[in-house]
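One-letter residues, chain by chain:
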Amino acid sequence: ASFFARMFVQVCLYFYCKCLWRCLKFVVRKLTGRCELQRICYNTKPGAARTMKIEASLKGSKSKRLQTSVSVHPDAIEKTIDDIMELKRINPDINPQLGVSLQACLLQIVGYRNLIAEVEKLRREPYDSENPQHEEMLLKLWKCLKPNSPLNARISKQWCEIGFQGDDPKTDFRGMGLLGLYNLVYFAEWDAEVAQQVLCDSLQPKYSQFSKAEWEKKKFDKAIGYSFAIVGINITDLAYNLLVSGALKTHFYNVAPEAPTLTHFQQTFCYLMHEFHKFWIEEDPLDIMEFNRVREKFHKRILKQLQNPEMALCPHFAASESLINM
């Protein structure tokens, strides 16, 4: 009986709050002469804060047309904006900037959904040693990380030098599919200096970027290394989960002036690899068996940072001036 009583109270509260919220929105619109979408665009600066509010407003609308506007095809966004303006009875000639702001937000919202689909497709595609393109990418990874050390054979113990578990890396990509390889190649090619340094440090942490004085100050005494490639695949999993859970919306809505792309995701991976490496050294684990503990602690740290609507994980990938002026 008490269970049903609690359920009844919760249902009543839900409908009460929902009706109260609708009434409040109606009163505010009458007082200000602006709908919720207008108030958000005019009172919130561009970036994650604005886009996430717009997204929540559209999803929470009682209108099906507004609810589905967050999942339209990118080519249909302009038509969708016109529909929203018409539905909300907003004169585009009097509010020209509103359409521009809504379009920027919808491009980000729709782009994020499409990015999840693109990343998921790569994750689900297994590495195929019979596929010349896959093999070419794998060999490219070696060349980027070890430019002065030729690979003696496709099947070789040399792969362990860049952090794979055995003499054929294909088995290590099972968890993340091609996504893990794509990320590692991007890191090694486009952030080559940092990638090679992180690889070197992972093999010999004592000779990492920290000076002798810093080592003594931080009281490091062990400096346990780790397998670079395996950790890269693991950090790919972390980035993937941040993306799918929606946690990366804060970052992408702040750095991508329009639709976030696979390149934005890969840049984020580079950042996470670099930051995890520093975090690993600072944590000074007893042995490699502590990897999951350190990873989980790092994950929580990133999640906490992403709770800030102003957060951009990679400041040097900041949004363009065109977004700031919208």
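Residues numbered from 1 in each chain as written. Predicted model: local features only at pLDDT ≥ 70, side-chain atom pairs only at ≥ 80, totals over all residues. Heavy atoms only, no water.

The protein chain is annotated in an unreviewed UniProt entry as ELMD1 protein of Chionis minor.

Chemist: How do you make sense of the overall build of the protein chain when you look at a structure like this?
Modeler: The helix and strand tally for the protein chain stands at 15 helices and zero strands. Across the 326 residues of the protein chain, 45% fall into the buried class. Partitioning the contacts of the protein chain with sequence separation of at least 6, the portion at a separation of at least 24 is 67%. Accessible surface for the protein chain amounts to roughly 17,800 Å². Of this, 56% is attributable to carbon and sulfur atoms. (Helix = DSSP H or I, 4+ residues; strand = E, 2+ residues; numbered from the N terminus. Buried < 20%, exposed > 50% of the residue type's maximum accessible area, 1.4 Å probe, protein only. Contact = heavy atoms within 4.5 Å. Areas by Shrake-Rupley, 256 points an atom, 1.4 Å probe, with all protein chains shown as cover.)

Chemist: Would you take a moment to explain the environment of Ser 101 for this structure?
Modeler: Position of Ser 101 relative to the elements: it lies in helix H6 (residues 96-124). In sequence terms Ser 101 and Gln 38 are 63 residues apart; their C-alpha atoms lie 9.7 Å from each other. Polar side-chain contacts of Ser 101 include one of 3.4 Å to the side chain of Arg 50. (Polar contact = N/O pair within 3.5 Å; in protein donor to acceptor, adjacent residues only side chain to side chain.)

Chemist: Any chance you could explain helix H11 (residues 228-245) here in plain terms?
Modeler: Given a rise of 1.5 Å per residue, 18 residues ought to cover 26 Å, and the 26 Å separating the end C-alpha atoms of H11 matches this to within 8%. Of the residues flanking the end of H11, it is Gly 246, one or two places downstream, whose phi is positive at about 95°. (Expected span 1.5 Å × (residues − 1).)

Chemist: What am I meant to see in helix H5 (residues 77-87) here?
Modeler: Each α-helix turn comprises 3.6 residues. Residues three or four places apart therefore point the same way. If you check which residues of H5 are buried, you get Ile 77, Thr 80, Ile 81, Ile 84 and Met 85. For H5, the angular spread of the buried residues around the axis is 140°, confining them to a single face. In this structure, H5 carries Glu 78, Lys 79, Asp 82 and Glu 86 as exposed residues pointing more than 90 degrees from its buried face. Of the surrounding elements, those touching the buried residues of H5 are helix H2 (36-43), helix H3 (48-59), helix H4 (64-67) and H6. In the stretch just after H5, Arg 89 is the one whose phi turns positive, near 55°. (Arc of directions from axis to C-beta.)

Chemist: Would you explain unusual backbone geometry in this entry?
Modeler: Leaving glycine out, the prevailing phi sign among residues is negative, and the prevailing peptide bond configuration is trans. In this structure, Arg 89 is a non-glycine residue whose phi angle is positive, near 55°. In this fold, Arg 89 is placed in the loop between H5 and H6. By relative accessible area, Arg 89 is classed as exposed at 78%. Of note, Asp 284 is a non-glycine position whose phi angle comes to about 50°, a positive value. Relative to the assigned elements, Asp 284 resides in the loop between helix H13 (262-283) and helix H14 (291-306). Relative accessible area serves as the criterion here: at 14%, Asp 284 is assigned to the buried category.

Chemist: Would you mind going over the pattern of salt bridges with me for this structure?
Modeler: Opposite charge on two side chains permits them to pair, given that their charged atoms come into close proximity. Taken as a whole and assessed by the stated rule, the structure comprises 16 salt bridges. Residue Glu 161 pairs with Lys 146 through a salt bridge whose shortest N-O separation is 3.4 Å. With Glu 161 in the loop between helix H7 (132-145) and helix H8 (177-190) and Lys 146 in the loop between H7 and H8, the pair connects residues that are 15 residues apart, well separated along the chain. In this structure, Asp 168 and Arg 154 form a salt bridge, with 3.0 Å as the shortest nitrogen-oxygen distance. (Salt bridge = Lys/Arg side-chain N within 4 Å of Asp/Glu carboxyl O.)

Chemist: Any chance you could explain the side chain of Asp 168 here in plain terms?
Modeler: Turning to its location among the elements, Asp 168 is positioned in the loop between H7 and H8. Here Asp 168 falls in the buried class, since its relative accessible area comes to 15%. Setting aside chain neighbours within four positions, we find Asp 168 in contact with Arg 154 and Ile 155.

Chemist: Honestly, the packing of aromatic side chains in this entry has me stumped. Any pointers?
Modeler: Aromatic ring pairs are defined here through the distance separating the ring centres and the angle between the ring planes. Taken as a whole and assessed by the stated rule, the structure comprises 16 aromatic pairs. Considering the side-chain rings of Trp 159 and Phe 164, the 5.9 Å spacing of their centres and the 85° angle between planes classify their relative orientation as edge-to-face. The same class applies to Trp 159 as to Phe 164, namely buried. One aromatic cluster is present, formed by Tyr 226, Phe 276, Phe 279, Trp 280, Phe 291 and Phe 298 through successive ring pairs. In this structure, Lys 249 is placed above the aromatic ring of Tyr 112, and the distance from its NZ or CZ to the ring centre is 5.7 Å. (Phe/Tyr/Trp six-rings, centres within 6.5 Å; stacked < 30°, edge-to-face > 60°. Lys NZ or Arg CZ within 6 Å of the ring centre and 35° of its normal.)

Chemist: Help me understand the state of the cysteines in this model?
Modeler: Linking two cysteines covalently via their sulfur atoms produces the bond known as a disulfide. Inspection of every chain in the model, using the stated rule, returns zero disulfides. Summary of cysteine pairing: Cys 105 is not part of a disulfide, and the nearest cysteine sulfur, belonging to Cys 41, is at 5.4 Å. Judged by its relative accessible area of 2%, Cys 105 falls in the buried class. (Disulfide = S-S within 2.5 Å.)

Chemist: For this particular structure, what's the right way to read the environment of Gln 165?
Modeler: Looking at the secondary structure, you find Gln 165 in the loop between H7 and H8. Under the relative-accessibility criterion, Gln 165 is labelled exposed at 61%. Each C-alpha atom of the pair Gln 165 and Ile 230 lies 7.5 Å from the other, and the pair is 65 residues apart in sequence.

Chemist: Mind showing me how you'd approach the packing of H7 against H8 here?
Modeler: Pairs of packed helices are described in terms of their axes, by the angle between the two and the distance that separates them. Packing of H7 against H8 brings their axes to within 9 Å, and their N-to-C directions diverge by 35°. Our pair here, H7 against H8, has a crossing hand that is left-handed. On the side of H7, the interface is formed by His 134, Met 137, Leu 138, Lys 140, Leu 141, Cys 144 and Leu 145, while H8 contributes Leu 178, Leu 181, Tyr 182, Leu 184, Val 185, Ala 188 and Glu 189. Class assignment for the residues of the contact of H7 with H8 results in eleven nonpolar, one polar and two charged. (Axes fitted to C-alpha atoms, helices over the stretch in contact; angles between N-to-C directions. Left-handed = near helix turned anticlockwise from the far one by under 90°. Nonpolar A, V, L, I, M, F, W, Y, C, P; charged D, E, K, R; others polar.)

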